[in-house]
Number of protein chains: 2
Amino acid sequence: MTPDTEDPVEILNEEECWKILSDATLGRLALSIANEPEIYPINFVAHGRKILLRTNPGEKLFALTINENVALETDGVGSQSVWSVVVKGKARQLDSGAEIEAAEKIPRQQMTSVRKRVFVEIVPTSVSGRRIHRGPENDELTASDLY
Amino acid sequence: MTPDTEDPVEILNEEECWKILSDATLGRLALSIANEPEIYPINFVAHGRKILLRTNPGEKLFALTINENVALETDGVGSQSVWSVVVKGKARQLDSGAEIEAAEKIPRQQMTSVRKRVFVEIVPTSVSGRRIHRGPENDELTASDLY
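Per-chain numbering applies: the sequence of each chain, read as written, is numbered from 1 onward. Lettering for chains starts from A, numbering for ligands starts from 1, and both go in the order in which the items are written. It should be noted that, the model being predicted, local features are given only for residues of pLDDT at least 70 and side-chain atom pairs only at 80 or more, the latter also being counted only at that level, while totals for whole chains, interfaces and linings use all residues. With hydrogens and water stripped out, all remaining heavy atoms of the structure feed into the side-chain values.

## Overview of the packing of aromatic side chains
Alright, step 1. When the centres of two rings from Phe, Tyr and Trp lie within 6.5 Å, Trp using its six-membered ring, the rings pair. Their planes under 30 degrees apart give stacked, over 60 give edge-to-face, and anything left gives tilted. Going through the model one piece at a time under the given rule, you end up with two aromatic pairs over all chains.
Alright, step 2. Ring geometry for tyrosine 40 of chain A versus tyrosine 147 of chain B: centroids 5.5 Å apart, planes at 75 degrees, classification edge-to-face. With tyrosine 40 of chain A in strand 3 (residues 36–43) and tyrosine 147 of chain B in the segment after strand 8 (118–133), the pair connects residues from two separate chains. Of the two residues, tyrosine 40 of chain A and tyrosine 147 of chain B, both sit in the buried class. Here a helix means four or more residues in a row that DSSP labels H or I, a strand means two or more in a row labelled E, and each is numbered from the N terminus. Relative accessibility under 20% of the residue-type maximum defines a buried residue, over 50% an exposed one, and the middle range a partly exposed one, all with a 1.4 Å probe and only protein chains included.

So, in C-alpha cells, the structure goes:
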C-alpha cells in the first residue's frame, strides 16, 4: 500500500499468498453441489505449492467426489494488518500407497487430527489474496473489509 | 454430549445455532457460480432469524445476483468447546427505502464497515451446527474436527 492512495486494499502476489498459506492451519473449504454451495471448516497444510488436508469418509468427501472444484479461504488479523487468501483448485483423494506415505511425512501434519484417515490434495488453479495495513484510522478492520 | 458416547460431536439444535449466530460477527460466505465455489470473509448480524450483511457493488454482490443460494459458516474455539454453525439460504439485496432504514437501525450494525453501502439479507432455508466439548484428551481441537 502506498499511503497516499485512496483504496487501502493491497492485492497480494502469489509469493505473499503462499507465505500466508504456509503459516496458516485453519481455513474454510467451499464446495458446490448441483450449483448450491457447501462450506466446512478445515485444517490444512500448504506444501510444495499444493494444499493437503485430512478428512474422513462422510458428506465432505462425498461432495468432493461429485465436484472436484473447491475454494479454500484463510484469513487473519494481526497487529499490523488484516489479510485473506483464497485458493481455487481441484481436489482429489490420495489413493496410492506411495502418495499417502509421502503425505504422512509432511511436517506439521500432526496439526490435523489423526482420527481423519483420508488425505485430500488440492492442486491450485488460482491463488489470490488481499491485505489492509491497520492504522489509527482503521483500527477495527476485519477480514470482511477486504472485499 | 453424554460423556460415555464414542462420538464427541454434539449436533446443535436450531435455538443453539441462533445463539451462536447472534454472538458472532465474522463468518465466511460461500457462493456457487456455474457450479464452481466462491468464498468471502464477511461480517454479519443475526436479527429476527435472518442474517444481514453489508457489502459494496463488486464481484461478491454480482455473484449473489447470479445465484441467490448461499452458505454462511461461522466457527469458534472457546475454553470449554469448539463449534461451527452453517446457515444455508437465499440472499437478496434490500432495495426499498423502508427496508434499508430498518436495517440501519439494527443494533451492532456499526460493527460492519460504514464504507459498505448495500444491505444483503439471507433468509435461511436451513441452520445446522456442531460442537465438541473440550477435555484433557482433546485439548488441541479445532473446528476442523467437527466434520
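Still more to cover.
## Remarks on the pattern of salt bridges
Residues and elements named next belong to chain A.
Alright, step 1. Put simply, a salt bridge is a Lys or Arg side-chain nitrogen that is within 4 Å of an Asp or Glu carboxyl oxygen. Evaluated as defined, the whole model comprises 24 salt bridges over all chains.
Alright, step 2. Measuring nitrogen to oxygen at the nearest pair gives 3.3 Å for the salt bridge that ties glutamate 16 to arginine 131. In this pair, glutamate 16 is assigned in helix 1 (residues 14–23) and arginine 131 in strand 8 (residues 118–133), connecting sequence segments 115 residues apart.
Alright, step 3. Looking at arginine 131, the relative accessible area reads 18%, which means it is buried.
Alright, step 4. What you see here is one network of salt bridges that share partners, running through Lys50, Arg92, Glu99 and Glu121.

## Regarding the side chain of glutamate 73 of chain B
Alright, step 1. In this fold, glutamate 73 of chain B is placed in strand 6 (residues 69–77).
Alright, step 2. We define a polar contact as two N or O atoms separated by no more than 3.5 Å, with the added condition that, inside protein, one atom must be a possible hydrogen donor and the other a possible acceptor, whereas residues neighbouring each other in sequence contribute only through side-chain atom pairs. Among the polar contacts made by the side chain of glutamate 73 of chain B, one reaches the side chain of serine 84 of chain B at a distance of 2.7 Å.

## Examining the environment of glycine 76 of chain A
Residue and element names in this part refer to chain A.
Alright, step 1. Tracing the backbone through its elements, the reader meets glycine 76 in strand 6 (residues 69–77).
Alright, step 2. The exposure class of glycine 76 is buried, given its relative accessible area of 12%.
Alright, step 3. Sequence separation between glycine 76 and asparagine 138 is 62 residues; the distance between their C-alpha atoms is 15 Å.
Alright, step 4. Only heavy atoms enter the contact rule, under which two residues are in contact if any of them lie within 4.5 Å. Once residues lying within four places of it in the same chain are set aside, the contact partners of glycine 76 are Ser81, Val82 and Trp83.

## Observations concerning the relation of the copies chain A and chain B
Alright, step 1. The operation relating chain A to chain B is a screw motion whose rotation component is 180 degrees, with 0.0 Å of axial translation and a residual RMSD of 0.0 Å. Accordingly, the operation relating the two chain copies is best matched by a two-fold axis. Within chain A, asparagine 35 of chain A has its C-alpha nearest the rotation axis, a separation of 2.1 Å.
Alright, step 2. Looking at the interface residues of chain A, 97% of them are also at the interface in chain B, so both copies use one shared face. The atoms used to superpose the copies are C-alpha atoms, taken from residues with pLDDT of at least 70 in both, and the fit is least squares.

## Remarks on the interface of chain A and chain B
Alright, step 1. The interface of chain A with chain B comprises 38 residues on the first partner and 37 residues on the second.
Alright, step 2. Values labelled buried area give the accessible surface lost by two parts on being combined, using a 1.4 Å probe and summing over both. Both sides together, the interface formed by chain A and chain B hides about 3100 Å², and carbon and sulfur atoms give 52% of it.
Alright, step 3. Looking at the side of chain A facing chain B, the largest losses of area belong to Pro37, Ile39 and Tyr147 of chain A, adding up to 21% of the total buried there.
Alright, step 4. Between aspartate 75 of chain B and arginine 28 of chain A there is a salt bridge; the shortest N-O distance is 2.6 Å.

## Quick notes on the confidence of the model for chain A
Alright, step 1. Values of pLDDT, the confidence the predictor places in each residue, fall between 0 and 100. For chain A, mean pLDDT is 87; residues scoring 70 or higher make up 90% of the total.
Alright, step 2. Taken as a whole, residues 1–5 of chain A scores under 50 in pLDDT and shows three contacts with residues more than four places along the chain or in a different chain.

## Let's talk about helix 1 (residues 14–23) of chain B
Think of an α-helix as 3.6 residues a turn; residues three or four steps apart then line up on the same face.
Residue and element names in this part refer to chain B.
Alright, step 1. Among the residues of helix 1, those classed as buried are Cys17, Trp18, Ile20 and Leu21. Down the axis of helix 1, the buried set is contained in an arc of 160 degrees. They therefore lie on one face. In helix 1, the exposed positions that point more than 90 degrees away from the buried face belong to Glu15, Lys19 and Asp23.
Alright, step 2. On the buried face of helix 1, the contacting elements are strand 1 (9–12), strand 4 (45–47), strand 5 (50–55), strand 6, strand 7 (81–93) and strand 8.
Alright, step 3. Among the residues of helix 1, the N-terminal cap falls to asparagine 13, whose side-chain oxygen and the backbone nitrogen of glutamate 15 are separated by 3.1 Å. For this quantity, the arc is that covered by the directions from the helix axis to the C-beta atoms.

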